[in-house]
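# Residue-level structural notes
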Amino acid sequence: MQGGEFAAVKAKQQQTWSSGNYAVIGTMLQLTGENLCEAVDVVAGERVLDVAAGNGNASLAAARRGGQVTSTDYVPSLLEQGRARAEAEGLPMTFETADAEALPYEDESFDLVLSTFGVMFTPDQARAAAELTRVCRGGGRIGMTAWTPGGFIGQVFKIVGSFVAPPAGVASPLRWGDVDAVTDLFKGQGSVRVDTLDYVFRSRSAREWVDMMREYYGPIHKAFGALEPTRQAEFEAALIELAEGMSTTGDGQLRVPSAYLQVVVTRD
């Protein structure tokens, strides 16, 4: 795929993530940002860049630990919600619109570079990994999270792809959730540590969870909007069946562990 084609995919993705209200979903995942900041061992005073930060989970977690945080995303409305959260906690942070594949920072500008379930959605994966590496100083750390292909959210994306075809020629974002693939993306850049963790989704029912995702989560919100009513009903049924089948409660409520990779790269 050529640069212009990547740009077209990215523009469509930006519209997707601007739809719904990702902040509702993102805030639920705050624990993953806290865990990541523990894994990279944020030290007070370190320069921290959060890439594709959404509404700022990892940004806030790093700032709570005394990091000098710059929170970036290519959806301005999400940055504004992150700013509101930071102001509510009295956390000094910088918020800037930035493209994960073309970060507007000098080489080795940051001690820590983070991304929670964000960079994994870039269409040009090699370029995104190179940018994370470029702006991180030697001896610094890159920390990120990504959903695994076999986990709950990985299976959700496979269902989405079976109803609405993904862009041709673009690698699956779930590649970042594959140990061998993500290790290869950072090959030769330093030591790579990968841990598999679970985030547990909870709701009163599978249907309630699907309704929430349909309203607020951009990729699912857009997928429903692209389908005719009959296919919408089939799509909804497939998501509910998956959620009920993977729930561990057995009482109608939803409790679904979803596996994700937590990756820490220590730069050479």
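Residues numbered from 1 in each chain as written. Predicted model: local features only at pLDDT ≥ 70, side-chain atom pairs only at ≥ 80, totals over all residues. Heavy atoms only, no water.

### Considering the pairing of strand S4 (residues 110-116)
Cut-off, in case you're wondering: Classification of residues uses two cut-offs on accessible area relative to the type maximum, computed with a 1.4 Å probe and protein chains only: under 20% is buried, over 50% is exposed, and between them is partly exposed. Secondary structure elements follow DSSP: runs of H or I of four or more residues count as helices, runs of E of two or more count as strands, with numbering from the N terminus. At least two bridges found by DSSP between two strands are what make those strands a pair. If the strands point away from the viewer and the path from the first strand over the helix to the second runs clockwise, then the crossover is right-handed.
For S4, a buried count of seven out of seven residues is recorded, marking the element as mostly surrounded by other parts of the structure. Sheet analysis places strand S1 (residues 47-50) next to S4, joined by three bridges and oriented parallel. Opposite Asp50, over in S4, you have Leu114 as the bridge partner. As judged from the six bridges shared by S4 and strand S5 (residues 136-147), these two strands associate in the parallel manner. Its bridge partner being in S5, Phe110 is matched across the sheet by Cys136. In this region the chain leaves S4, passes through helix H6 (residues 125-134) and returns to the parallel neighbour S5; the handedness of that crossover is right-handed.

### As for the side chain of Asp73
For the record, the criterion: Any N or O atom pair separated by 3.5 Å or less is treated as a polar contact, with the protein-specific requirement of one donor-capable and one acceptor-capable atom, and with residues adjacent in sequence counted only for side-chain atom pairs. Whether two residues are in contact is decided by their heavy atoms: any pair within 4.5 Å suffices.
Here Asp73 shows up in strand S2 (residues 68-73). Within the structure, the side chain of Asp73 is placed 2.9 Å from the backbone nitrogen of Val75, a separation counted as a polar contact. For Asp73, the residues in contact, after removing those within four places along its chain, are Ala52, Ala53, Gly54, Leu78, Leu79, Glu96, Thr97 and Ala98.

### Re the packing of helix H9 (residues 206-216) against helix H10 (residues 218-226)
Convention followed: Between the N-to-C directions of two axes lies an angle of 0 to 180 degrees, each axis being a line fitted to C-alpha atoms and, for a helix, fitted only over the stretch in contact. When an angle is under 35 degrees it counts as roughly parallel; over 145 it counts as roughly antiparallel; between 65 and 115 it counts as roughly perpendicular; any other value is oblique. Classes in brief: Ala, Val, Leu, Ile, Met, Phe, Trp, Tyr, Cys and Pro nonpolar; Asp, Glu, Lys and Arg charged; the others, Gly included, polar.
It is at 6 Å that the axes of H9 and H10 come closest, and there the two elements cross at 85°. In terms of orientation, H9 lies roughly perpendicular with respect to H10. From H9, Met213, Arg214, Glu215 and Tyr216 reach across to H10, where they touch Gly218, Ile220, His221 and Phe224. Here the residues of the contact of H9 with H10 are counted per class, giving four nonpolar, two polar and two charged.

### With respect to the packing of aromatic side chains
Condition: For Phe, Tyr and Trp, where Trp contributes only its six-membered ring, two rings pair if their centres lie within 6.5 Å, and the inter-plane angle classes them as stacked under 30 degrees, edge-to-face over 60, or tilted in between. Here, a charge over a ring is recorded when the distance from Lys NZ or Arg CZ to the ring centre is within 6 Å and its angle to the ring normal is within 35 degrees.
Enumeration according to the criterion identifies 18 aromatic pairs in this entry. Judged by centre distance (5.3 Å) and plane angle (90°), the rings of Tyr105 and Phe110 are edge-to-face. For Phe110, a relative accessible area of 7% translates into the label buried. Between the aromatic rings of Trp147 and Phe201, the centroid separation amounts to 5.8 Å while the plane-to-plane angle is 40°, which identifies the pairing as tilted. Of this pair, Trp147 sits in strand S5 while Phe201 sits in strand S6 (residues 190-203), and the two are 54 residues apart along the sequence. Within the aromatic cluster, the residues linked to one another by ring pairs are Phe117, Trp147, Phe152, Tyr199, Phe201, Trp209 and Tyr260. If you follow Arg214 out to its NZ or CZ, it ends over the ring of Phe224, 4.0 Å from the centre.

### Let's talk about unusual backbone geometry
One non-glycine residue, Asp41, lies in positive phi territory at about 60°. For Asp41, the location among the structural elements is in the loop between helix H3 (30-40) and S1. In this structure Asp41 comes out as exposed when scored by relative accessible area, which is 51%.

### Quick look at the UniProt feature "domain: Methyltransferase type" (unreviewed entry) in the protein chain
Formally: UniProt positions are given in the numbering used here, feature names are shortened, and annotations may be inferred rather than shown by experiment.
The positions UniProt marks with the feature "domain: Methyltransferase type" (unreviewed entry) are residues 49-142. With 34% helix and 28% strand, the stretch residues 49-142 has end C-alpha atoms that lie 9 Å from each other.

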